[in-house]
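An overview of the molecular structure
Given next are the chains, with one letter for each unit.
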Amino acid sequence: MRNVKVPPFPSTAPQLPPTGSAKMDWSWAGANTGGSVAGSGAAQRKGRGPHRGSPLKSWPLRAKLLLATLTLLAIMSATVGVVGYGVMSVYLTGQLNQQLEEASNRAIRFGMLFRGAPEADSPDLLNIPAQGAGTLNARIRDGEVRRAALLTADGRRQNLPAGDVAVLTTLAINAPPTDHLLSVGKYRLVADRDPEDGSTIVTGLPLAGKENILASLTATTMIVSGAGLIATGLLGMVIIRRTLRPLEDLSAVATQVSELPLDKGEVALAVRIPPDAAVPETEVGRVGKAFNLMLDNVASALAARQQSETNVRQFVADASHELRTPLASIRGYAELLRLTETLSPDGRLSLERVESESRRMTSLVEDLLLLARLDEGHRPQETEVDLTQVVIESVSDAQVTAPAHSWRLELPEMPVTVRGDEGQLRQALINLLTNAHRHTDPGTSVVTSLSQDPGGGAVVTVADNGRGIESDFIDRIFSRFTRPDAARSGGTHGLGLSIAAAIVAAHGGRLGVRSRPGETEFTIRLPGPEPGPRPTILTDTP
């Protein structure tokens, strides 16, 4: 544990009294930095979650176009396949019916040639010339099925089993052909009456040929449709990618613009959509041209804003610089009058008011001049700064200024050093401490903590248990000339926190704040030996 001796401050921090209303606690066991300000992660937690809708909404445009094209092509292919299958089935059925009718007529005419001959001498209907393989014939006389058989592929006669014969007896006479499942396969059967002897001639043709043709048609349609979908998908992907390439260029340019620091400083908005992607003759080209026109307008507006800000900063800097001498003269003459002239009590009081207001005006001018220099990008004069000693001395000064508050320090055992301008860092810390006691009630506890960041930097926190900061004010708390209540501002000009934020940012650090009723904490994060880029000042409320 390290013992640190607080040096006497004859001008700003006299020796602290051992007792009284002012209380100072010194803690060396370690810094309390658990409540440091949250960054962009808290902002993301506050934001709304991703939109939950159809998964297609998150797909890229080219994927949607390709999917739509393939879907329409698949629907068209399926429609063509179904319609083609139906038309072909009707055509083949009609063709089969015609063949079946011709085979039945041949059988009836052939039987007329042997009219009156004994049953045993009558010829087999399958022996009729021009009967094709698979043809089925049978004669039904007096309810009895005779010579029911079919012609095989090698020309032999094959009798039908009893089950198939029973199916033949159920056929309606002179009715349209019907399909039946026999033991030898599916057949289309028709029963016609012989006009001469009243017998029934049953004729049938196999459906295997029709089904084979339809199966081949289905397979062919699926193969051709599948190949067409694959080819369309590949070619469509290439075509859509080339067509949408200007949109990708536009997206790339928009992304580059979104990454530019447009909020401050001089902005060089030089990125544009390539000329070949901004052709007004095409839809995408018109979007690119309109985007370039928008960027030109934005660049002009930013240039005008930068010129206006530069003029304002220059005016503030010049005015602040020019006012320093008259203010010093006013203070000097007022002091001279007070020392050399005999004044009435009212006159002396008026003169004191003149001196007080001149000092306040001088402080305001110095603050404006410092902000102007920081805005111009002046880097602080960096030296090795013992931040531990700066914290001790600043808290001691604040304790003398506001003895009615309870002041406490939490310091690490080892000294914390950073590179920076000691005067500016001291002013930033004093501004935070002044803000803590000026906007809280007497008796409020103010805890100042210092710790070493694991990355080599330093973390300083100033926390109090006052009434907190209003939620609608915390987002603009670091703005210039901003006060929560002008009527109760205690004569402040609203530049203290903005100066502290500008100083911390000039040192490559970050100043944040979080507040709720009963707890307000400002956190300064300073980089290690090699300062990084200046980050954005963050604010956060739980």
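Residues numbered from 1 in each chain as written. Predicted model: local features only at pLDDT ≥ 70, side-chain atom pairs only at ≥ 80, totals over all residues. Heavy atoms only, no water.

Let us now look at the sheet that holds strand β4 (residues 157–159). The six strands lie next to each other as β4-β3-β2-β7-β6-β5, forming an open sheet whose pairing is antiparallel. Pairing within the sheet leaves two strands with one partner each, and these edge strands are β4 and β5 (178–182). Pairwise comparison of adjacent strand axes, ignoring direction, gives a mean angle of 30° for this sheet. Here three bridges tie strand β3 (residues 144–151) to β4, and the two strands are oriented antiparallel to one another. What sits directly across from L151, in β4, is R157. (Pairing = 2+ DSSP bridges. Helix = DSSP H or I, 4+ residues; strand = E, 2+ residues; numbered from the N terminus. Axes fitted to C-alpha atoms, helices over the stretch in contact; angles between N-to-C directions.)

Looking now at the packing of helix α8 (residues 387–401) against helix α9 (residues 422–438). Interaxial distance between α8 and α9 falls to 10 Å at its minimum, and their mutual angle equals 35°. Considering only the axes of α8 and α9, their crossing is right-handed. In contact with V390, V391, E393, S394, V395, A398 and T401 of α8, α9 contributes E422, R426, L429, I430, L433 and H437. Of the residues that constitute the contact of α8 with α9, the class distribution is seven nonpolar, three polar and three charged. (Left-handed = near helix turned anticlockwise from the far one by under 90°. Contact = heavy atoms within 4.5 Å. Nonpolar A, V, L, I, M, F, W, Y, C, P; charged D, E, K, R; others polar.)

Looking now at the environment of I503. Within the secondary structure, I503 is located in helix α11 (residues 496–506). With 123 residues separating them along the chain, I503 and P380 place their C-alpha atoms 8.6 Å apart.

This brings us to the nonpolar core. L387, V391, L432, F478 and L511 are the most contacted members of the largest nonpolar core, which has 45 residues in total. If you tally residues by element for this core, the top one is α11, at seven residues. I140, A148, L168 and L171 belong to the second largest nonpolar core, which has 14 residues in total. (Core = buried A, V, L, I, M, F, W, Y, C linked by side-chain atoms within 4.5 Å. Buried < 20%, exposed > 50% of the residue type's maximum accessible area, 1.4 Å probe, protein only.)

Between the first and last C-alpha of α8 there are 21 Å, a value that for 15 residues agrees with the 21 Å anticipated at 1.5 Å per step. Counting buried positions along α8 gives twelve out of 15 residues, so the element sits mostly inside the fold. For α8, every residue scored as buried is listed here: L387, T388, V390, V391, I392, E393, S394, V395, S396, D397, A398 and Q399. N-capping of α8 is provided by D386, with a side-chain oxygen placed 3.2 Å from the backbone N of T388. (Expected span 1.5 Å × (residues − 1). Polar contact = N/O pair within 3.5 Å; in protein donor to acceptor, adjacent residues only side chain to side chain.)

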